[in-house]
Amino acid sequence: MRRKPDSLLPIELSILQAGVAMRSRGADEFHGYAVAKEIRESVEARRLTAHGTLYRALERLEQRGLLESRLEDPDLASAERRPRRRLYTVTALGISAEQASERASPAPVPGVQRPGAATS
Amino acid sequence: MTTFAARQGTVASSIARAWLRVYSFGLPSALRERRATELESDLFEHESDAFASGASPGIVGIEIIGRLVRGMPADLMWRFQLEGPQMELNIPFERVTGLLLLALVLLIPVAVGIDGYDTTQVGWASELSRLGGVSATQTRVNVAIQIFSGLALVCAAAGFYAALAPRAKNLSVFAAFAMAAAGVVTFATSAMYFATSTLADDYVAGRGGDDILVTSRALALAMQNLGGAAGVLLTLSVCSLAVAAHKHGLVPGGLKWVLAFSFTCVLVGLAWQISGRDAWFFLMGGLLTLLLWLLAAGSCLLAGVGGHPRQSELGTSAA
């Protein structure tokens, strides 16, 4: 079944919600693992989102203009002796899409995993 | 925390990296690198975060493998979506061809090497006794190697066809057909070898008499001839591949002299064989020189030290 072009898949909505939540806590930019961890904590899931599912969804959201990304400064990564991160930001369009989806479906209740807010 | 336990997370990460290399093989480097950067960072953050919260390395390894396996369908979907008609793949066809040529260096001796028995009527009884003395395990190993060799030849034929058909259609069809046929012949030879070994066991155990000698000798003669047929098919196949490789400038031009020497040896050997003289020296010389060409051409293609592709070939290797 083909989905509507402007609709969001559950994993995409979860990513946007996680991004908005991190933004509200002052973290405007986030990397892939951080969003996987945020999703796991928000729905109190046991498992982290799978690599393939997560990065494919992040790429789709970026292509649709709901996220923006940049590679962080290599000096910062080498100073902290870790690999470079790709940092994502939820765009204004992304926030609107997240709010519209929130209105269309209720927010996740902690401890109850919404159908589709899957981690795979 | 043991050293082994601490290593498990790293092993899981290595598996995740290896999977990335598999599903992103042949994609443009920008796409591959983007995914690799993200995965590298994710693995590092995951391990650091989990170890900081006191998780055991074994659990972290299982988590990483779990994320990897659950994400595989999405990884494959991502790859398939990128394979649209507008996608320009950069399959390193020279490297693939080089690997296949090097594989042939190992496969050809196995495929044509099922020989060397004394099949004369006088000497066959002692030959069969010797064969009966070979352990059952050794026989199974020999058969397994032959079957693997036959399978590998059929797969290599498909690989050569896929790699070379866009450039040299007729030569690649001929080379692939001859190589696949050699693979099938190798299967048949392995079955005959197994049957002969079983008969040899019966002969050594005293179960049967002259009928075993006659049947097993017939099988051995058939094996010898099939080994020769596999050799001829593989020689024709490699010659076609060599002509295609030199015609399209894929390997250094100097190697054509090695090939010419091999052809000459084989032709002289065949002429001597027909005239009833012992041609072993020439045929073996031709085969060894052909293996030398395969080794040199395969190494050159693998290392990217090719010849000078024709001007019309330039820019088509990405197709």
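Quantities reported herein were computed from a predicted structural model and do not represent experimental measurements. (Residues numbered from 1 in each chain as written. Chains lettered and ligands numbered in written order. Predicted model: local features only at pLDDT ≥ 70, side-chain atom pairs only at ≥ 80, totals over all residues.)

## Describing the overall build of chain A
Line of reasoning, step 1. Each helix and strand counted, chain A has five helices and two strands in total.
Line of reasoning, step 2. Helices and strands appear in chain A in the N-to-C order α-α-α-β-α-β-α.
Line of reasoning, step 3. Out of the 120 residues in chain A, the part that is buried amounts to 34%.
Line of reasoning, step 4. At a minimum sequence separation of 6, the contacts of chain A that also span at least 24 residues come to 62%. (Helix = DSSP H or I, 4+ residues; strand = E, 2+ residues; numbered from the N terminus. Buried ≥ 20, exposed ≤ 12 C-beta atoms within 10 Å, placed from the backbone. Contact = placed C-beta atoms within 7 Å.)

## Focus: the packing of helix α5 (residues 124-132) of chain B against helix α8 (residues 210-247) of chain B
Residues and elements named next belong to chain B.
Line of reasoning, step 1. Closest axis-to-axis distance for the α5/α8 pair is 10 Å, and the angle between their directions is 80°. By the angle between their directions, the pair α5 and α8 is classed as roughly perpendicular. Contact with α5, carried on its side by Trp124, Ala125 and Leu128, involves Leu213, Ser216 and Arg217 of α8 and no other residues of that element.
Line of reasoning, step 2. Of the residues that constitute the contact of α5 with α8, the class distribution is four nonpolar, one polar and one charged. (Axes fitted to C-alpha atoms, helices over the stretch in contact; angles between N-to-C directions. Parallel < 35°, antiparallel > 145°, perpendicular 65-115°, else oblique. Nonpolar A, V, L, I, M, F, W, Y, C, P; charged D, E, K, R; others polar.)

## Section: the confidence of the model for chain B
All names here are of chain B.
Line of reasoning, step 1. Within chain B, residue pLDDT values average 80, and 87% of them lie at 70 or more.
Line of reasoning, step 2. Low pLDDT, under 50, characterises residues 311-319; the predicted model gives this stretch nine contacts beyond four residues in sequence or across chains.
Line of reasoning, step 3. Two summary scores accompany this predicted model of the complex, namely pTM at 0.49 and ipTM at 0.85. (pLDDT = per-residue confidence, 0-100.)

## Quick notes on helix α2 (residues 32-42) of chain A
Line of reasoning, step 1. For α2(A), the full list of buried residues reads A:Gly32, A:Tyr33, A:Ala34, A:Val35, A:Ala36, A:Glu38 and A:Ile39.
Line of reasoning, step 2. Those residues of α2(A) that are buried are in contact with α1 (10-24), α3 (51-63) and β2 (86-90) of chain A together with α2 (29-52) of chain B.

## Regarding the interface of chain B and chain A
Line of reasoning, step 1. With 22 residues of chain B at the interface, the matching set in chain A holds 19 residues.
Line of reasoning, step 2. Those elements giving two or more residues to the side of chain B that touches chain A turn out to be α2 and α3 (57-82) of chain B.
Line of reasoning, step 3. The leading source of residues in the side of chain B that touches chain A is α2(B), at eleven residues.

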